[in-house]
Amino acid sequence: MITGAGGSAPRADTASASVARRLSRTEIDATVRDLLGDTTNPAGRFLAEDEFTPFDNDYTRQNPSAALIDSLEATAGDIAARVLAPATRSRIVTCTPTGPGDAACFRQVIETVGRRLFRRPLSEDEITAYLTLQSFATENNPTVPHDFYTAVGLVLRSMLQDPEFLYRLEIGAPTSQPGVLRLNSYEIATRLSYFLVGSAPDDRLLDMAKADALADPTARRAEATRLLADPRAHDQVHRFHAMWLGYRAIPGSTDLLAAFNTETTALIDKIVFDQPASYLTLFSSDQTYVNALLAAQYGLPAPAGGAGWVSYGTTGRAGILSHGAVLAAFSKFSDTSPTQRGIFVQTRLLCNVVNPPPANVNVDQPPPATTSMCKLDRYAAHRSVASCGACHNNLDPIGIGLEQYDIGGKFRTSDDGHPECPLDGNGTLPGYGTFNGPAELGQKLIDSGKLEHCFVEHLLRYAVGRALYPEEQGAVDTLAGGFKASNYSLTDTLLDYVASDRFALRTEDAAP
Amino acid sequence: MKKVRLSRRTLLKGLGGVAVGLPVLECMLDRNGEALAQSVPLPKRYAIVFAGQAIGGDDWADNTSIVAGKRSTDTAAFIVPPETGSGYTATLPLKPLADLNLMGDFSLVSGLRIPFSASSVDASAVPAAGAFRDFHGGGAGPLLCGTRSQSSSFTCRSATSDQIVAGFNKPGSIGALVVRAQPAWYLSGSSFSGRQYISYKGDAAPIEAQVSPSIVYHSLFDGFTPTDASARAQHDFDLRARQSVLSLITDKRTRVLGTVGATDRTRLERHFDEIRDLELRIAALPPVTGGQCQPPADPGPDLPVGGNNAGSGSDTIATNTGYSDEGTRARLMADLIHMAFVCDITRVATLQITVFQSHMNVYPISSALGVPIRADLHECGHNGDAMTRGQIPVSTCLQWHISHYAYLLNKLKNTQEGAGNVLDNSAIIFMPEAGHGQQLNDAMSANATHSVEKMVLLVAGRAGGLKPGRHIASAQAHPGQVLISAMQAVGYTKNTFGEVTGPLPDLFG
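What counts, and at which threshold
- Here, residues in each chain are numbered from 1, in the same order as that chain's written sequence.
- To label them, take the chains in the order written and letter them from A, then take the ligands in the order written and number them from 1.
- The model is predicted, so local features are restricted to residues of pLDDT at least 70 and side-chain atom pairs to those at 80 or more, both for listing and for counting; the totals for chains, interfaces and linings are taken over all residues.
- Side-chain measures here rest on the full set of heavy atoms in the structure, leaving out hydrogens and waters.
- Numbered from the N terminus, helices here are DSSP runs of H or I no shorter than four residues, and strands are runs of E no shorter than two.
- Each radius of gyration reported is based on C-alpha atoms, and the globular scaling rule is 2.2 Å times the count of residues to the power 0.38.
- To sort residues, take the accessible area from a 1.4 Å probe on protein chains only and compare it with the maximum for the residue type: under 20% means buried, over 50% means exposed, and anything in between is partly exposed.
- Between two residues, a contact is recorded if the distance between any of their heavy atoms is within 4.5 Å.
- What sets the accessible areas is the Shrake-Rupley method with a 1.4 Å probe; for residues, cover comes only from the shown protein chains.
- When charges are counted, Lys and Arg are positive and Asp and Glu negative, with His and the chain ends excluded.
- Each charge is placed at NZ for Lys, CZ for Arg, CG for Asp and CD for Glu.
- The pairing criterion is simple: DSSP has to find at least two bridges between the two strands.
- Ring geometry is summarised as follows: Phe, Tyr and Trp rings, the Trp one being its six-membered ring, pair when their centres sit within 6.5 Å, and such pairs are stacked at plane angles under 30 degrees, edge-to-face over 60 and tilted between the two.
- What counts as a disulfide here is a pair of cysteine sulfur atoms lying within 2.5 Å.
- Cavity and pocket criteria rest on a 1 Å grid covering protein atoms alone: a 1.4 Å probe that fits but cannot get out defines a cavity, protein on both sides within 12 Å along at least 5 of 7 lines defines an open pocket, and an atom within 4 Å of a point defines a lining residue.
- Grid points are joined across faces, edges and corners, and a volume is the space filled by probe spheres set on the points.
- Following the grouping adopted for this structure description, the nonpolar residues are Ala, Val, Leu, Ile, Met, Phe, Trp, Tyr, Cys and Pro, the charged ones are Asp, Glu, Lys and Arg, and the polar ones are all others, Gly among them.
- The salt bridge definition used is simple: a Lys or Arg side-chain nitrogen within 4 Å of an Asp or Glu carboxyl oxygen.
- In protein, a polar contact means a hydrogen-donor-capable atom and an acceptor-capable atom, both N or O and within 3.5 Å, with residues adjacent in sequence counting only if both atoms are side-chain atoms; elsewhere, any N or O pair within 3.5 Å suffices.

Draft legend 1. Broad picture of the overall build of chain A. When you go through chain A residue by residue, the secondary structure sums to 23 helices and 12 strands. For 512 residues, the compact-globule estimate of 2.2 N^0.38 gives 24 Å, and the C-alpha radius of gyration of chain A, at 26 Å, lies within 12% of that figure. Per-residue burial over chain A gives 58% buried out of 512 residues. Once local pairs closer than 6 in sequence are excluded, the contacts in chain A between residues at least 24 apart make up 70%. Element-wise, carbon and sulfur atoms account for 54% of the exposed surface of chain A, whose accessible area totals about 19,000 Å². Across chain A, 44 positive and 59 negative side-chain charges occur, with their mean positions spaced 1 Å apart.

Draft legend 2. Quick peek at the sheet that holds strand β2 (residues 64-67) of chain B. On the basis of which strands lie adjacent, the open sheet formed by three strands has the order β3-β2-β10 (chain B) and antiparallel pairing. On the outer flanks of this sheet lie β3 (70-73) and β10 (389-390) of chain B, each paired with one strand and no other.

Draft legend 3. Representation of the packing of aromatic side chains within the structure. Residue and element names in this part refer to chain A. Counted according to the given criterion, the structure contains 28 aromatic pairs over all chains. A ring pair is formed by F106 and F148, whose centres lie 6.0 Å apart and whose planes are at 80°; its orientation type is edge-to-face. Taken as a pair, F106 in helix α4 (residues 103-118) and F148 in helix α7 (residues 148-160) lie far apart in primary sequence, 42 residues in all. In this pair, the class of F106 matches that of F148, namely buried.

Draft legend 4. Geometry of the state of the cysteines. Residues and elements named next belong to chain A. On inspection of all chains with the given rule, the structure shows four disulfides over all chains. The disulfide that involves C95 links it to C105, with 2.0 Å between the sulfurs. Of note, the bridge from C95 to C105 carries an S-S torsion of about 85° and is right-handed in sense. Placement of C95 in the loop between α3 (66-83) and α4 and of C105 in helix α4 is noted, with a sequence separation of 10 residues between them.

Draft legend 5. Just the sheet that holds strand β1 (residues 17-18) of chain A, in detail. What the four strands build is an open sheet, ordered β1-β12-β5-β4 (chain A); its pairing is mixed. Each having just a single partner strand, β1 and β4 (173-174) of chain A make up the two edges of the open sheet.

Draft legend 6. Layout of empty space enclosed by the protein. Residues and elements named next belong to chain B. Counting across every chain of the model gives eight cavities of 30 Å³ or more. Approximately 140 Å³ is the volume found for the second largest cavity. Forming the boundary of the second largest cavity are 18 residues, of which Q53, A54, L377, H378 and G381 lie nearest the centre. No other element matches the four residues that helix α11 (residues 377-381) contributes to the lining of the second largest cavity. The residue makeup of the lining of the second largest cavity, split by class, is seven nonpolar, 10 polar and one charged.

Draft legend 7. Focus on the pairing of strand β13 (residues 426-432) of chain B. All names here are of chain B. For β13, a buried count of seven out of seven residues is recorded, marking the element as mostly surrounded by other parts of the structure. Residues S426, I428, F430 and P432 line one face of β13 and the alternating positions A427, I429 and M431 line the opposite face, and both faces are buried. Strand direction decides the pairing type here: strand β1 (residues 45-51) and β13, joined by seven bridges, are parallel. Bridge pairing in β13 places A47 opposite I428.

Draft legend 8. Seen up close, the environment of B:K411. All names here are of chain B. For K411, the location among the structural elements is in helix α12 (residues 391-413). K411 gets classed as partly exposed once you look at its relative accessible area, which sits at 25%. Separated by 77 residues in sequence, K411 and A334 place their C-alpha atoms 8.7 Å apart. Beyond its immediate stretch of four places on either side in the chain, K411 contacts D335 and H338.

Draft legend 9. Focus on the side chain of B:D385. Residues and elements named next belong to chain B. Inspection of the secondary structure puts D385 in the loop between α11 and β10. Buried and unpaired, D385 has no salt bridge, with R374 as the nearest side chain of opposite charge at 5.5 Å. One polar contact links the side chain of D385 to the main-chain amide nitrogen of R374, over a distance of 2.8 Å. With residues up to four places along the chain from it excluded, the contact list for D385 reads P372, I373, R374 and A375.

See the structure below:
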């Protein structure tokens, strides 16, 4: 397993450590879209890029800064102005103000919007504090245009810059186990919603939280079932895969990238949601969803009707490892990298640790020159150097088994531009034997039994927002056991996790 | 809960008073125009303009290239001219400076070197102020802060020069203005991971740069009070509104911090501290226009951020991927730094045009300069475009970076201040990421872009007696010595910087 978090994690067998996690850019965008109707993805425009490790929600990489605070102020102002435009403001101001000083209507907006943005009801003191902003609507100031909505805008700006909006604060209450804290229903609602749909809890979840109904595992399971039917859950699963498998942003023409995206999301949706099957089919599916462009790219028959499922037949392709999106990730700029693809399989699919090259290796230069122009000869010469081979023997032979597939997923039988350098597609998955091409590699990975475990590890890592502590291995094992017992149903596994006692618990993370 | 709205001045009193930036006005000067009345010296400015690239290409000797398949040797392609002293050749990367008649306004320091252990790759073997033998990360720390690196991570182990200068040279509530032109990392398999920092408060304490010219504009210039009466009324209203919005948040500080655990208290305290800092900046007395200080035009909404890179050598790299018009962004940032200096809102700035190990697509910028390179900036140094490699493509990208430096210098030079101009009262550094010497990792390969040998820094301005206009060929001085000189030129009284000791006296003539 790959661990990244330092320090120790007491009680990790029972609960995962958590801290105040800042919403990622994507989460802020989704939240203001769902709660305020702002569909313009404002966070991406103003806030600095999230770090990806490989997920964008790693709280150990989140640091406040003056730049962040300035950007948040600008973002909040930008959102408030859009949300309160005359054509759209009735979405959050549902009462009709009788005038700039309509305190009842103002209070109603504060209560409604505050509950959504803070994911809990506001206290009377808090409401009173926000009510003071109404003076900006009512002040005697003939030269400055101001009205009821001016004050609403200020409420929005304040709430959107508030740490209670930006951070998911989890506190919890002590349990009989020292150090283990039980989340309250509002905290559970928030955890549940951001995990499954990447956005804030909706009114129904908040209502359930008010009734403290989410402490009940059965209720959590029912709500999770409801959320998984939401298109946003599909998006969330797509995003998870794009980050896990490294294809969240890949080079290519617009048309080709769109086709890649359609292909990969179609396979995920089919297996996970539409025709639920063993999740491992993702790596062995004998069909793929292509349009004419992609069919030509892969050398497959064009589907009838422009786009549709076609069989791979005996092409040697199967599953997601044959997809252009995945083959484009982990490449060099102009060509595939057998080493990078080896690292991909070892770290993302088998959860093995790959150490970086020793410091004194000049990694800028391609493997040492030989008389041969052929790439694989150069890689072989490189591996014949003992100090290189020690690591590269565990990496390159994997990528070499995928060499017949270029960075756009096209099939080839020789190096680009070098017909004298044949590629036979024969590779080795160290410890598991030889294979040829993505179909055989996919099957080898499935048969290894490690793929399912590594997938679950990444899932938990995404859920907790950081690399796992070694002490969380037991939690991965439990989750992986359930995954297998469910015949590899991803949705069942998500439901089991949400319904588990662990999901409602936390410990304090000592490392900020 | 009681809510009291404080006037700005009351707030200021409560905060212990915040100094105010003032532009230099004629009436404030002494008779010689060299200092403010009452012998207060004119403000001294310090800036670093950073380029995330080396000065030469892998495996190509200085000045040798292949462009569109044609080999050539050109003694004026490498940034370092053959002559030393004044009146030297304006080499290819320096062309923008020559075009603006700025060759007499900066000195080029060549032959700089960060030490490293040639015999060991152990962290413990890294010499003082030296580089851990793993580029890029190993070279970053000693270059930026003069303290040895201990790993391949991108970090600094002590404060960077801009922060040190801002510590003693801060006119108002804003310390160093830290901005960056390249807004995105452009690669899918990785992320910035520290490559986006050139400013550090101290050991492992990076300062996030602002990448939005629009936000920089508003944070610097919204504070000016308009002269028009109705605009002033609106301004006053907006200012009060901003303060009330923020105080509703900071009023919660104690309550929120009281409910969370110890780790979260630390995390959230830092967030609240930054909001408090914004409040202080807003509460500071407004800067004053006058003389050369006129708030620039609003740059408007930020330019779109380009998509991810299409990859070196590929046909699709010609499309607008991996590029967010960093050129325009850098110019906008330079405009804002210029006026922030002129208005004395801040005296220190860093402009990171491109990040360490930058994967910005250079096709658009190099095409505009007549040498189309189908690669990103990092791969350009590593022969990413098979047909166009070596010195000329690398120098072309460097020229692009230097054009933004030249733009800033030119604006400072053309802004009168006292008897001279603002550049006279400045020390402005241009800092490329790497030199062109022995490869740092293997300590063997020559002519490597991943090298901390044969490094170059440009130092512009005449602050503190700097004597620009010359090529100074140093005998392996540490880049930190150049920074010590520049810092001393703006008032630094110490002789050390991180683990580096002593200036480069040649810079003062």
